[in-house]
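Structural features, examined
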Amino acid sequence: MRKLIGLLGGFTAFLLLSAGNMAGAEEGDIYLSAGAMVDVVEGRAVDNPAMVIRGGRIAAMGERGSLAVPDGAEVVDLGDMTLLPGFMDMHVHLSGDAGGNFFAGLSYSAPRQAIVAVKNARKTLMAGFTTVRDVGAGGYSVIAVRDGINAGDIIGPRIFAVGNAIGITGGHCDNNFFPPEMETSSGGAADGPWAVRAKVRENIKYGANAIKVCATGGVFSKGTKVGVQQLTLEELKSAVAEAHLRGLTIAAHAHGTDGIKAAIVAGVDSIEHASFADDEAISLAKEFGTYFSMDIYNTEYTLAYGEANGVPEENINKEKQVSAAQRDSFRRAVEAGVKMVFGSDAAIYPHGDNAKQFSRMVQFGMTPMQALQASTINAATLLKMENDIGALREGFMADIVAVNGNPLDDITVTENVAFVMKSGEIVKAGN
C-alpha cells in the first residue's frame, strides 16, 4: 500500500508538471537532467533523463526538454553525465582505517573511533555511497555517528549499524591480541544461546538497526582458523530469532563451509565473505534466499600493503588462504544465481575506494549491470528498503550519483563520481 501511494503521488506530480501547471511547485525544488541514466530495475540505459526533486524525493521523471521546469526550481544540468542510484555498501567498518600501524586502532577509545568514523563517513559519501551497513565497531561509536548524520550535525551516508559484532569468547569477534592479565574482551563476546540472544538485545537497546554474528574464524583476528565454525547452530538460531523478532536483518561473518551452511540454515539474511562456499552451501543459499556479500577486492590491498602497515604474518598468511578460494566461490555463486549484494569490507582497504570493487565483480563473473544492481536494488531489498531507496523511481528517496561515461561499457567510471545527491541534498558537484 505504501508503495502504491508513493507511485500515485509521483504520477500526480508528473501530470501537473508535464502539463505546465506550476501550482504544485514548491520552494527548494531541483530540476535535474543529464545525458543518460541507468535504470537498474529494468536493466537498461535511458537517454536524456530529467527529474524534479522535491522534499528529498523524486517527485516526477521524464525526458530532458519535455518534463516541465517548476517555477523557481534550481536547474542542475549535468550535460553528458550518466545518472545512477546512490551506491550501497553492505559491509564497511567506518571506525577503522587501513593505513598506519595495524595495532594502533586496538587502543582507540570509543570517542576516538567515532572521530575516525566521522572522517570515513564523509569519504564514503563523496565516493557516491549514499547508504552503508557498518558491521562492527566498538563502544557503539558508529551508532553515534549515524545519529549525528541523521540530526544534520555532520555529513555522511545513511547508516545501518550493528553495534558490537557478536561471537564466542576467543573467537573472531573477540579481542585476542592482549595477554590474559589485561582481562580484555570485546563488547560482543557471548557463549550459549541465551547469552547470544542477550547480546542482540543489548545492541538493540543502544541503537543498533542491524545485527551481525561471527559464525567462523577470520583473517584479521588472532588465533582463529579462518575456515572453522565457531558459533553453534543453536547459538546462531537464537541470534536470528531475536533479530527477526525485533524487525532487524542479521548478517553472519562466515568464511568456512560449515559455518556458512549453519548460518544459512539458522536463517541469517546475508553471509559475509562466503570464502569457502561449496556447491551445497551455494544451493542452500538459493533455497533459503540468503544474500552473499563478498569482499573480493580488498585481498589485493592486504597482500600489497599489509606488511608495511604492520599486519602480523599470521593474518597475511590467512589472507593468502582466502584470496583465490573466495574469488572462485564468488564466480560459482554468480553463475548459480545466488542473490548478491555489494560488500567491500572498507577499513581493510581505504575508505572512499569502495567502488574499486565493481571492476573485480565484473572480472570474476558479473555483468556491469549485475554489479550495479548488487549495490543498489539488491542491497535495498536486503535492508527491506526496496520501496524507498536503490532505484531512480518517482516517490523514491533522491539518492543520486553521476559519472562521466557509461558504466555499462566501462564499470571503472564508478571510481570517479562527479556528483552526489543524498535525500535530495547536493553534497558533491564536481570532482
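Use the structure listed above.
The paragraphs below set out a description of the structure included in this document. What you see is a predicted model; the values in this text were computed from it and never measured. (Residues numbered from 1 in each chain as written. Predicted model: local features only at pLDDT ≥ 70, side-chain atom pairs only at ≥ 80, totals over all residues. Heavy atoms only, no water.)

**What to know about the overall build of the protein chain**
- When helices and strands are counted, the protein chain shows 12 helices and 18 strands.
- At 22 Å, the protein chain has a C-alpha radius of gyration in line with the 22 Å of a compact globule built from 431 residues.
- When its C-alpha atoms are laid out on the principal axes, the protein chain stretches across 70 × 40 × 40 Å.
- Considering the protein chain as a whole, with its 431 residues, one finds that 58% of them fall into the buried category.
- Intrachain contacts of the protein chain at a sequence separation of at least 6 include 69% that bridge at least 24 residues.
- Entry remark: accessible area of the protein chain is about 16,700 Å², with carbon and sulfur atoms responsible for 52%. (Helix = DSSP H or I, 4+ residues; strand = E, 2+ residues; numbered from the N terminus. Rg over C-alpha atoms; globule rule 2.2 N^0.38 Å. Buried < 20%, exposed > 50% of the residue type's maximum accessible area, 1.4 Å probe, protein only. Contact = heavy atoms within 4.5 Å. Areas by Shrake-Rupley, 256 points an atom, 1.4 Å probe, with all protein chains shown as cover.)

**A word on the side chain of R146**
- Relative to the elements of secondary structure, R146 occurs in helix α3 (residues 141-150).
- Within the local environment of R146, its side chain forms a polar contact with the side chain of N209, the two groups lying 3.1 Å apart.
- Non-local contacts of R146, meaning those with residues more than four positions away in its chain, are made with I159, G207, A208 and N209. (Polar contact = N/O pair within 3.5 Å; in protein donor to acceptor, adjacent residues only side chain to side chain.)

**Considering the state of the cysteines**
- In total, this model carries 1 disulfide according to the counting rule given.
- There is a disulfide in this structure between C173 and C214, and the S-S distance comes to 1.6 Å. Remark: C214 occurs in strand β11 (residues 211-214) and C173 occurs in the loop between β10 (158-161) and α4 (193-205); sequence separation between them is 41 residues.
- Residue classification places C173 among the buried positions, given a relative accessible area of 13%. (Disulfide = S-S within 2.5 Å.)

**Considering the pairing of strand β9 (residues 129-134)**
- Here β9 lies mainly inside the structure; 6 of its 6 residues are buried.
- In terms of strand pairing, strand β8 (residues 87-92) meets β9 through 4 bridges, oriented parallel. Bridge pairing in β9 links M88 to T131.
- Tracing the backbone out of β8, into helix α2 (residues 110-126) and back to the parallel element β9 gives a crossover that is right-handed. (Pairing = 2+ DSSP bridges. Right-handed = clockwise from strand over helix to strand, strands pointing away.)

**Quick look at the sheet that holds β11**
- If you walk across this open sheet you meet the 5 strands as β11-β12-β13-β14-β15, and the pairing is parallel. Looking at strand neighbours, the two that pair on one side only are β11 and β15 (340-341), the edges of this open sheet.
- Both β11 and strand β12 (residues 250-254) contribute to a ladder of 4 bridges, which runs parallel. Residue pairing in the sheet places C214 in a bridge with H253 of β12.
- Contacting β11 and β12, helix α5 (residues 233-245) crosses the sheet at an angle of about 155 degrees to β12. (Axes fitted to C-alpha atoms, helices over the stretch in contact; angles between N-to-C directions.)

**So, the packing of helix α8 (residues 298-305) against helix α9 (residues 313-336)**
- Where α8 meets α9, the closest approach of the two axes is 10 Å, and the angle between their N-to-C directions is 150 degrees. It follows that α8 is roughly antiparallel to α9 by the angle criterion. At the point where α8 passes α9, the crossing takes the left-handed sense. Where α8 abuts α9, its residues N298, T299, E300, T302 and L303 lie against I316, E319, K320, S323 and R327.
- In terms of residue class, the contact of α8 with α9 is made up of 2 nonpolar, 4 polar and 4 charged. (Parallel < 35°, antiparallel > 145°, perpendicular 65-115°, else oblique. Left-handed = near helix turned anticlockwise from the far one by under 90°. Nonpolar A, V, L, I, M, F, W, Y, C, P; charged D, E, K, R; others polar.)

**Things to note about the sheet that holds β8**
- Spatially, β8-β9-β10 is the arrangement adopted by the 3 strands of the open sheet, whose pairing is parallel. Each having just a single partner strand, β8 and β10 make up the two edges of the open sheet. Along the sheet, successive strands turn relative to each other by an average axial angle of 15 degrees, direction set aside.
- Sheet topology note: the β9/β10 ladder contains 4 bridges and is parallel. Its bridge partner lying in β10, V132 is registered against I159.
- Set on the sheet, α3 makes contact with β9 and β10; between it and β10 the angle comes to about 150 degrees.

**Examining the packing of aromatic side chains**
- Tallied over the full model, the rule gives 8 aromatic pairs.
- With 5.4 Å between their ring centres and 55 degrees between their planes, F87 and F129 make a pair best called tilted. Linking F87 in strand β8 with F129 in strand β9, this pair joins segments that are 42 residues apart in sequence. Assigned by exposure class, F87 and F129 land together as buried.
- A connected cluster of aromatic rings, assembled from ring pairs, spans F87, F129, F342 and F358. (Phe/Tyr/Trp six-rings, centres within 6.5 Å; stacked < 30°, edge-to-face > 60°.)

**Digging into α8**
- Restricting attention to buried positions, one finds in α8 the residues N298, T299, Y301 and T302. Down the axis of α8, the sector holding all buried residues measures 160 degrees, keeping them to one side.
- Tucked inside the fold, the buried residues of α8 contact α9. (Arc of directions from axis to C-beta.)

**Some words on the packing of α2 against α3**
- At a minimum axis distance of 8 Å, the contact between α2 and α3 shows a crossing angle of 50 degrees. As the angle between them shows, α2 and α3 are arranged oblique. Between α2 and α3 the crossing geometry is right-handed. Here A110, Q113, A114, A117, V118 and A121 of α2 come into contact with α3, specifically with S141, V142, V145 and I149.
- In terms of residue class, the contact of α2 with α3 is built from 8 nonpolar, 2 polar and no charged.

Honestly, it's all geometry; don't read function into it.
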